[in-house]
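Structure at a glance
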Amino acid sequence: MSLQQIIPGDAFALLLVFARIGAALMLLPGFGEIYVLPRARLLLAIAVTVVVTPLVAPTLPKLPATPIALFLMLGGEIVVGIFLGTVVRILVASLHVAGTIVGFSSSLSAANIFDPQNAAQGSLIGTFLGVTGIVMVFVADLHRLMLSAVVDSYNLFTPGGALPWGDFSDLMTRTLAHAFALGLQLAAPFLVVGLVFYLGLGLINRLMPQVQVFFIAMPLQIALAFFIMALTISAGMLWFLSDFQDRLNGFVS
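The paragraphs below set out a description of the structure included in this document. Just so we're clear, the structure is a prediction, and the values are computed from it rather than from any experiment.

Regarding empty space enclosed by the protein
According to the stated counting rule, one finds two cavities of 30 Å³ or more in the structure shown. Lining the largest cavity, in full, are Val-102, Ser-105, Ser-106, Phe-190, Val-193, Gly-194, Phe-197, Gln-221, Leu-224, Ala-225 and Ile-228. Its residues assigned to classes, the lining of the largest cavity comprises seven nonpolar, four polar and no charged. Of the volumes computed, that of the second largest cavity is approximately 60 Å³. What lines the second largest cavity is Leu-28, Leu-84, Val-87, Val-88, Met-146, Ala-149, Val-150, Leu-248 and Phe-251.

See below:
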């Protein structure tokens, strides 16, 4: 008995599209978080698959003749979905990089809290910026752009074709480097103020060695960090959203 007799063509198309979309939704920010019910995520993936399949049907290959070819094709689609979700996840990780740098420059690096995005302990500022960034992505309707990027990826990565591993690794490396650079840029005001603040503390310590200036100045340093955050968080979030949108536009035709 052949696969054509076991699996109808329409069911194969739905299964192939679901493999990529389901894998992407498992990692996309906001959709793939630990606090999102797996059942809700599964229902969303099925709903998106039903809507998207007629749109991408011309790009889908025919049902393969052997089960091994079918599994290889599904595995390739899962790899593409994981790749897309990981790239977007790395872009959001720039906020955690910025929060970690801010924590070190404001003496709040030891203040840890449960990070719902990474399901682990994380810095207080990094968790705050990460959750705020996810909220802003949905408020700005950029979650639709994420889904559009997954759908338009069928124009970049043809189902059933050879996977461009070299392009995958190159884009992943450049995205990771860009995320670190963006995190450093978002935390630049804190680095500048922290450098000046520590230089002042060092000067005071040289003038009065018997005074424990670092313990005395720590409350002032924390208050100064919160004040700078109140002044710069709006501009920082707008900068992050603009960069996030520009990066996703690379996947949208």
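Quick look at helix α8 (residues 188-207)
Between the first and last C-alpha of α8 there are 29 Å, a value that for 20 residues agrees with the 28 Å anticipated at 1.5 Å per step. Buried within α8 are the following residues: Phe-190, Gly-194, Phe-197 and Leu-201. Looking straight down α8, one finds that the buried residues subtend no more than 70° of arc, so they occupy a single side. Turned more than 90 degrees off the buried face of α8, the exposed positions are Val-192, Leu-195, Val-196, Leu-199, Leu-203, Arg-206 and Leu-207.

Some details on the side chain of Arg-41
Along the chain, the position of Arg-41 falls in helix α3 (residues 38-56). Put simply, Arg-41 is tucked away with no salt bridge, and the nearest opposite charge, on Glu-33, sits 7.8 Å away. Apart from residues lying up to four places away in sequence, Arg-41 is in contact with Leu-25, Met-26, Phe-31, Gly-32, Glu-33 and Val-36.

Side note on the packing of helix α4 (residues 67-105) against helix α7 (residues 165-186)
Running from N to C, α4 and α7 cross one another at 20°; their axes reach a closest spacing of 7 Å. Considering their axes alone, α4 and α7 lie roughly parallel with respect to each other. Here the hand of the crossing between α4 and α7 comes out right-handed. Here the contact of α4 with α7 is composed, by residue class, of 20 nonpolar, five polar and no charged.

Observations concerning the nonpolar core
Phe-83, Met-146, Phe-240 and Phe-244 are the most contacted members of the largest nonpolar core, which has 56 residues in total. Elements supplying a minimum of two residues to this core: α2 (9-25), α3, α4, α5 (124-139), α6 (142-152), α7 and α9 (213-249). The leading source of residues in this core is α4, at 13 residues. Apart from the residues within four sequence positions on either side, Met-146 is in contact with Leu-28, Pro-29, Phe-31, Val-88, Val-137, Phe-244 and Leu-248.

Comments concerning unusual backbone geometry
Phi at Asp-141 takes a positive value of approximately 60°, unusual for a residue other than glycine. Along the polypeptide, Asp-141 turns up in the loop between α5 and α6. Under the relative-accessibility criterion, Asp-141 is labelled partly exposed at 36%.

Comments concerning the packing of α6 against α9
Taken N-terminus to C-terminus, the directions of α6 and α9 make an angle of 20°; their axes are 10 Å apart at the nearest point. Here α9 runs roughly parallel to α6, going by the angle between their axes. For the crossing formed where α6 meets α9, the hand is left-handed. The segment α6 lies against α9, with Leu-142, Leu-145, Met-146 and Ala-149 engaging Leu-241, Phe-244, Gln-245, Leu-248 and Asn-249. Taken together, the residues that form the contact of α6 with α9 break down as seven nonpolar, two polar and no charged.

Comments concerning the pattern of salt bridges
Under the counting rule described, the total for this entry stands at three salt bridges. Note that Glu-33 and Arg-89 form a salt bridge whose closest N and O atoms lie 3.1 Å from each other. Of the two residues, Glu-33 is situated in the loop between α2 and α3 and Arg-89 in helix α4; the sequence distance between them amounts to 56 residues. For Glu-33, a relative accessible area of 0% puts it in the buried group. Across the salt bridge formed by Asp-170 and Arg-174, the nearest N and O atoms sit 3.0 Å from each other. Taken together, the residues span about one helical turn, with Asp-170 and Arg-174 both in helix α7 at a distance of four residues. Here Arg-174 falls in the partly exposed class, since its relative accessible area comes to 43%.

About the criteria used
Residues numbered from 1 in each chain as written. Predicted model: local features only at pLDDT ≥ 70, side-chain atom pairs only at ≥ 80, totals over all residues. Heavy atoms only, no water. 1 Å grid on protein atoms, 1.4 Å probe; cavity = no way out; pocket = protein on both sides within 12 Å on 5 of 7 lines; lining within 4 Å. Points joined across faces, edges and corners; volume = space filled by probe spheres on them. Nonpolar A, V, L, I, M, F, W, Y, C, P; charged D, E, K, R; others polar. Helix = DSSP H or I, 4+ residues; strand = E, 2+ residues; numbered from the N terminus. Expected span 1.5 Å × (residues − 1). Buried < 20%, exposed > 50% of the residue type's maximum accessible area, 1.4 Å probe, protein only. Arc of directions from axis to C-beta. Lys, Arg positive; Asp, Glu negative; His and termini not counted. Salt bridge = Lys/Arg side-chain N within 4 Å of Asp/Glu carboxyl O. Contact = heavy atoms within 4.5 Å. Axes fitted to C-alpha atoms, helices over the stretch in contact; angles between N-to-C directions. Parallel < 35°, antiparallel > 145°, perpendicular 65-115°, else oblique. Left-handed = near helix turned anticlockwise from the far one by under 90°. Core = buried A, V, L, I, M, F, W, Y, C linked by side-chain atoms within 4.5 Å.

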